[in-house]
Amino acid sequence: MNAPKSALSPVLQLEGVARRRAGRPAVSDLSLSLEAGQVLGLLGVNGAGKSTTLAMVAGALRPDRGTIRIQGEDFLERPELARQALGWLPEAAPLWPELTVREHLDAHGRLRGLSGSRLDEARDGVLERLELKSLSRRLAGVLSQGQRQRLGLACALLHRPALLVLDEPANALDPVQVVALRTLLRELAAAGTAVILSTHQLTEVTAVCDRVAILHEGVLRHDGALSADQHAALEKTFFDIAVHGRAQAA
Amino acid sequence: MTLLAVTRLELRRLFVRPLGWIVAALALGELGWRFALLLQIFLLNQVKLAALPDGPGYTDLVAVRMYSSFITGSPLPLGMIELALLLVPLLTMTTLASERSAGTLPLLFSTGLSASRILLGKYLAVLVWLALWLLFALAIPASLAHGVTLDWGKLAAATLGAFLGLAVLGAIGVACSAFASHPAVAAVAALMIGLALNCINLGAQLAGINSGFINWLAMSTHQETLLRGLVSSADVVWFLLAIIVALALGVQRLAADKERD
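What comes next is a walk through the structure. Just so you know, these numbers come straight off a predicted model, no measurement behind them.

**Brief notes about the overall build of chain A**
Moving on, step 1. From N to C terminus, chain A includes 9 helices and 10 strands.
Moving on, step 2. Taken against the 2.2 N^0.38 rule, which gives 18 Å for 250 residues, the C-alpha radius of gyration of chain A at 18 Å falls within 12% of a compact globule.
Moving on, step 3. The principal-axis extents of the C-alpha atoms in chain A amount to approximately 55 × 50 × 40 Å.
Moving on, step 4. Taking all 250 residues of chain A together, the buried fraction comes to 54%.
Moving on, step 5. As presented, chain A carries roughly 10800 Å² of accessible surface, and 50% of it is formed by carbon and sulfur atoms.
Moving on, step 6. Here chain A contributes 29 positively and 28 negatively charged side chains, and the mean placements of these two sets differ by 3 Å.

**A closer look at the sheet that holds strand β5 (residues 73–74) of chain A**
Residues and elements named next belong to chain A.
Moving on, step 1. In space, the 4 strands of this open sheet follow the order β2-β1-β4-β5, with antiparallel pairing throughout. Both outer strands of the open sheet, β2 (24–34) and β5, are each paired with one neighbouring strand and no more.
Moving on, step 2. Relative to strand β4 (residues 65–70), strand β1 (residues 12–21) is paired through 5 bridges, and the arrangement is antiparallel. Its bridge partner lying in β4, E15 is registered against T67.
Moving on, step 3. Where helix α2 (residues 50–58) meets the sheet, its contacts fall on β1, β2 and β4, and the angle it forms with β1 comes to roughly 120°.

**Concerning the pattern of salt bridges**
Moving on, step 1. Across all of its chains, the model carries 21 salt bridges over all chains by this definition.
Moving on, step 2. The partner of R13(B) in a salt bridge is E98(A), and the shortest N-O contact between them spans 2.8 Å. Highlighted residues: R13(B) in helix α1 (residues 2–16) and E98(A) in the loop between β6 (86–89) and α4 (101–111), drawn from two different chains.
Moving on, step 3. Classification of E98(A) by relative accessible area gives buried; the value is 14%.
Moving on, step 4. Salt bridges sharing partners connect three or more residues here, namely E98(A), E10(B), R13(B), R17(B), E99(B) and K122(B).

Criteria and cut-off values
Residues numbered from 1 in each chain as written. Chains lettered and ligands numbered in written order. Predicted model: local features only at pLDDT ≥ 70, side-chain atom pairs only at ≥ 80, totals over all residues. Heavy atoms only, no water. Helix = DSSP H or I, 4+ residues; strand = E, 2+ residues; numbered from the N terminus. Rg over C-alpha atoms; globule rule 2.2 N^0.38 Å. Buried < 20%, exposed > 50% of the residue type's maximum accessible area, 1.4 Å probe, protein only. Areas by Shrake-Rupley, 256 points an atom, 1.4 Å probe, with all protein chains shown as cover. Lys, Arg positive; Asp, Glu negative; His and termini not counted. Charge placed at Lys NZ, Arg CZ, Asp CG, Glu CD. Pairing = 2+ DSSP bridges. Contact = heavy atoms within 4.5 Å. Axes fitted to C-alpha atoms, helices over the stretch in contact; angles between N-to-C directions. Salt bridge = Lys/Arg side-chain N within 4 Å of Asp/Glu carboxyl O.

Bear in mind that shape data such as this cannot, by itself, settle questions of function.
So this is what it looks like as structure tokens:
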């Protein structure tokens, strides 16, 4: 008996993805794949192409070349796959300032095809999980940066996507919330969610990721497994690529 | 359905922002004042008008004149259509331009929505808002229906003309918002295009030319027929064409957002 295509395929597969921005290559010939339950940390200095990569994976930006597959399906041919399979938290968590926390979650839920009791259940679940219940009637425009970030994360998680794309998710979170975020991501991974997150913080990667990819000037320079005791090795690899890469470019 | 999810989201945003309410309240206030003046003029001339065999009545001189001064030749400024030229751009300017400036537009794309669904969803929300505004405006002259002889057919045709005009201005506003990075730019662009579309044939009319392409191009030409109580499919098609062209341009621009730097 044939297993369904999505069960055999990686959750995310990028092949030869390239994208120019502002007249220069932002991402060049990027290929990587992500299995269910993996947490991939995307590292790189500012301008390395992390956010561009994540925006392409999230369907917000179209690559100039290459293919992106989500659960084995061509994402560029079928962008509607994003509706249920993908959750995205962009950098700085953009929100509608005139809507409340609850209205944000309802709107995102409906955009993802949730309604009725499924929407209520999903909304209440993420409000509880991300400690937003007491803020549910507050306007997004008056939230603190950390609260905005948690709301953005709640919107990305609401429909329980198979692939979670997070751009600097720990931004503006306090140390307690950072630890809670790490726990949440590990729980999601244990439940089979594939997570790709970009960050500047190496400690974040070693604490939560089981794989790391390092981008430099849009090119993938390193992609490998990671264990919690490899912080020093990762630091050396990262600085080798970032500093030597810069020196070579200069 | 995701299209309706976008409509619902946009309607919610329109309802919670004070701008939409202020615009609607000011417009209805102006229309109420206009109604009182038109009624006063009508009552002053009622005896003279009654003597005419086919003289204009309440519908022609009050109800239909609520919709336009420019087209109906009313002595009072700013009927609903003229007000809409100024106010619809204020209502539509944020639909997409503010999504772009706030960074929420990529979020909408990331839900798998196509540019056409995003834009149509937003346009439907604007249309619902404008229809509600029109209903409230229609209620003003209709409130005297029990005491006057109202030509419902003529009023329905005029209301259709006003609604189609609002729908065209709404489509232009949403399209301008799709092109602009800032809401104010979208509002100014929509205002200028709306004015141009309404007045493009003024020069030709002053020169005594009442037919030809330039007159066909003007929205006022097609609204005039409807405000006189005549529903012609050619006029309705003009409005539909104008809406389709505006929305198609908006969709094209919005789709380019995913390709742009």
